[in-house]
Amino acid sequence: MSLLEIKDLHAGIDGNEILKGINLKIGPGEIHAIMGRNGSGKTTTANIIMGHPDFEVESGDVLLEGESLLELESWERARKGVFLSFQYPQAVPGLQVGNFLRKSVASIRGEEEAKGSAFRERLTKAMEALDIPRTFMSRYVNDGFSGGEKKRFEILQLMLLKPRLAVLDETDSGLDIDGIRTVSEGVNAAIRGSDSGALIITHYSRILEHVQPDMVHVLLDGKIVSSGGPELATKLEEKGYEWLKQE
Amino acid sequence: MGDNSEARGAVGEYKAGWHDPEDSTIRFDFGLSEEVVREISKLKNEPQWMTDIRVKAFNHFSKRKMPTWGNMSMLEEIDFDNICYYLRSSESTEKDWDDVPEDIRNTFERLGIPEAEQKWLSGVTAQYESEAVYHSIREDLESQGVIFLDMDSGLREYPDLVKKWFCSVVPYSDNKFSALNTAVWSGGSFIYVPEGVHVEMPVQAYFRINAKNMGQFERTLIIADKGSSIHYVEGCTAPTYSTDSLHSAVVELIALPGSHIRYSTIQNWSSNVYNLVTKRGIAHENAKIEWVDGNIGSKLTMKYPAVILKGEGSHAEVISVAYSGEGQHQDAGAKIHHLASNTTSKILSKSISKNGGRGSYRGMVTVSPKADNCKLNVVCDALILDEGSRSDTYPTMEVANATARCEHEASVSKVSDEQLFYLMSRGHSEEESLAMIVNGFFEPFTRELPMEYAVELNQLMALEMEGSIG
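Each chain has its residues counted from 1, following the order in which its sequence is written. Here chains are named by letter from A upward and ligands by number from 1 upward, in the order in which they appear as written. Totals for whole chains, interfaces and linings use every residue, but because this is a predicted model, local features are given only for residues with pLDDT of at least 70 and side-chain atom pairs only at 80 or more, for both listing and counting.

### Re the overall build of chain A
Worth spelling out the cut-off: Secondary structure elements are taken from DSSP: a helix is a run of H or I of four residues or more, a strand is a run of E of two residues or more, and numbering for both begins at the N terminus. Each residue is represented by a C-beta atom placed from its backbone, and any two residues with such atoms within 7 Å are regarded as in contact.
Within chain A one finds 9 helices and 10 strands. Taken over the C-alpha atoms alone, chain A extends approximately 55 × 40 × 35 Å along its principal axes. Partitioning the contacts of chain A with sequence separation of at least 6, the portion at a separation of at least 24 is 71%.

Encoded structure:
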């Protein structure tokens, strides 16, 4: 059974259809990438999978391990193992990072996993891997974070929450080369060698050099117009999206 | 106690809304007259000067008009003839919880007071209706000369000290409700901290109204002598009734040179209580007064903790939060008067309104012409949780000295769908997410509280967010 299956999905916002029939299957342990230009429907796909209330599904289905997600609230999806790394993570002034992480792990992984020295050890290890200093814990969630800090914090959450399916929306944007490498290592540590899966949404192929995808899909105007192996990303980088339009 | 669980179930979200059977030993008839005022004074065996000041205050109250600001239509609804001005439920103030009548003791146990006392307080006074029913102070403080009594005992045991300072910061003629309080006051705390003594752990007062249509008028006087320090914490709750009660306190703080008084309040009256309180302190040279003021409950609160910076180098801080839910209006703020040079002040006000509630910040900061090099900082933030709710800001600054440095910031924000979605995507329900945002908004306030109170306040706000998502 697929980990994630998207079936002929038509969806949009405010009555505008953005996704015009998407089909996608991700198996356990697989990493897929969706590439496409601005406005092609990449972020809409991410929001629909996570259950953003503003987006409307007209037809089709999104299944996690055979079970439809569409009727579930986003927090219920999170508890079933869906994770979204946001393109624009939201600031919550006054909410301390450490406190928030513990609460999130408790609600998604269960109270036991959020307690005691085992949690602290995992946290310390993940922070070290992502080059996040200890002082980070007492800051407020995304409040005054630089672009790079926000992205590292998203991946820190990914590593602690250990989802079944991670959707990474433009995680590489706004990161320098070192940042992309660090964040990619985090993604690899969280997904590779497990039976979880990931969907990486990106403009550029750079992150895909560090997180080797099993499949690359190209989204154009709400439809997947091409799918292939990692070489598709390289080809896109060389020739641009226009090339696909011409074909 | 038999009907408590039912009463508790019926009141829904408000946790402290149960009531005990009314079992008073002395209860005055409804309504107020000079006779009632004299009767209270006589009952308490007070010196003549106190009787006289009560009567003067009553006459002033009778003539004085209602405030013309705040919420005038709500104020006009107060029926002064339908309030009980004095009610005693216990014969005496006990030093041992075991001697407190059982119903009353159970109530305070449910509110967690004896437990808190054992763990982390220097002293406790518990007031039920008009009188303190329990009082204690740690022996080591007593032996250092710290006086911590209920106000009635204070007047009996230290009449000269009380006479010297009573009404010295808040004259009875200050406003209609300070006049009312001075006329019928009963209970409250009297504290004197001797020169150089630091009271490390907070002392706490807890005020509980139990009866219907009750008026509670405690009076608190705190004097910190030179170089001393104290942290006073008060909490308050009442049962939920369909008729209104009135809580009208007066608090006077005197911070002598180099001393430090911090006064923290978590006000969680039920939504049928009018909370009209006058709080003011005088800070002498290099003294520091801080009001940490949380207003969560009540029907209408009008309260503007004030500091008069009388001595050079003195400092004032007012940190407040207000939560206004359905049918509630929190009209709160701060007043600071810079009368001396090199004085500094900081006001931080945070308000949340929800379900049609109304929060107002009303603040005044003045700098007198003679006060050089003063620094003022005012920040007020409002968070509005839904469409029908309201937030207003009425800041006033009167600066008559050009050397003053003034900073003022105000913001009004709404909870965004994107913020909620972000938190929900981390496994938190919509209510939990909202509580996280709200508690985060209040965090600059809660971090000033002793940890136990901060936890309680966060739980209280989480409870307020329940059932709020339509």
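### A short note on the sheet that holds strand β5 (residues 67-68) of chain A
Residue and element names in this part refer to chain A. Put simply, the rule is: Here, any two strands with at least 2 DSSP bridges between them count as paired. Interaxial angle, 0 to 180 degrees, is taken between N-to-C directions of lines fitted to C-alpha atoms, where a helix line uses only the stretch in contact.
Taken together, the 4 strands give an open sheet; going across it, the order is β2-β1-β4-β5, and neighbouring strands pair in antiparallel fashion. Among the strands making up the open sheet, the edge pair consists of β2 (16-26) and β5. Judged from the 8 bridges that link them, strand β1 (residues 4-13) and β2 form a sheet pairing that is antiparallel. Its bridge partner lying in β2, L9 is registered against I22. Relative to strand β4 (residues 55-64), helix α1 (residues 42-50) is tilted by about 65 degrees, and along the sheet it contacts β1, β2 and β4.

### Details of helix α10 (residues 176-184) of chain B
Since one α-helical turn is 3.6 residues long, residues separated by three or four positions face the same way. Residue and element names in this part refer to chain B. This is how it is decided: Once C-beta atoms are placed from the backbone, each residue is buried if 20 or more other C-beta atoms lie within 10 Å of its own, exposed if 12 or fewer, and partly exposed for counts between those two.
In terms of burial, α10 is largely enclosed, as 8 of its 9 residues are buried. Restricting attention to buried positions, one finds in α10 the residues F177, S178, A179, L180, N181, T182, A183 and V184. Those residues of α10 that are buried lie in contact with α2 (34-43), α3 (48-63), β9 (219-224), β12 (250-255) and β14 (273-283).

### Observations concerning the interface of chain A and chain B
What counts here: When residues are grouped by polarity, Ala, Val, Leu, Ile, Met, Phe, Trp, Tyr, Cys and Pro land in nonpolar, Asp, Glu, Lys and Arg in charged, and all others, Gly among them, in polar.
Contact with chain A, which involves 22 residues of that partner, is made by 20 residues of chain B. Only α2 (74-80) and α3 (97-109) of chain A provide two or more residues apiece to the side of chain A that touches chain B. When its residues are assigned to classes, the side of chain A that touches chain B shows 12 nonpolar, 7 polar and 3 charged.

### Re unusual backbone geometry
Residue and element names in this part refer to chain A. Even without being glycine, N142 reaches a positive phi, approximately 55 degrees. Along the polypeptide, N142 turns up in the loop between α4 (116-129) and α5 (147-161). Of note in the backbone geometry, D221 takes a positive phi value of approximately 50 degrees without being a glycine. For D221, the position within the fold is in the loop between β9 (215-220) and β10 (223-228).

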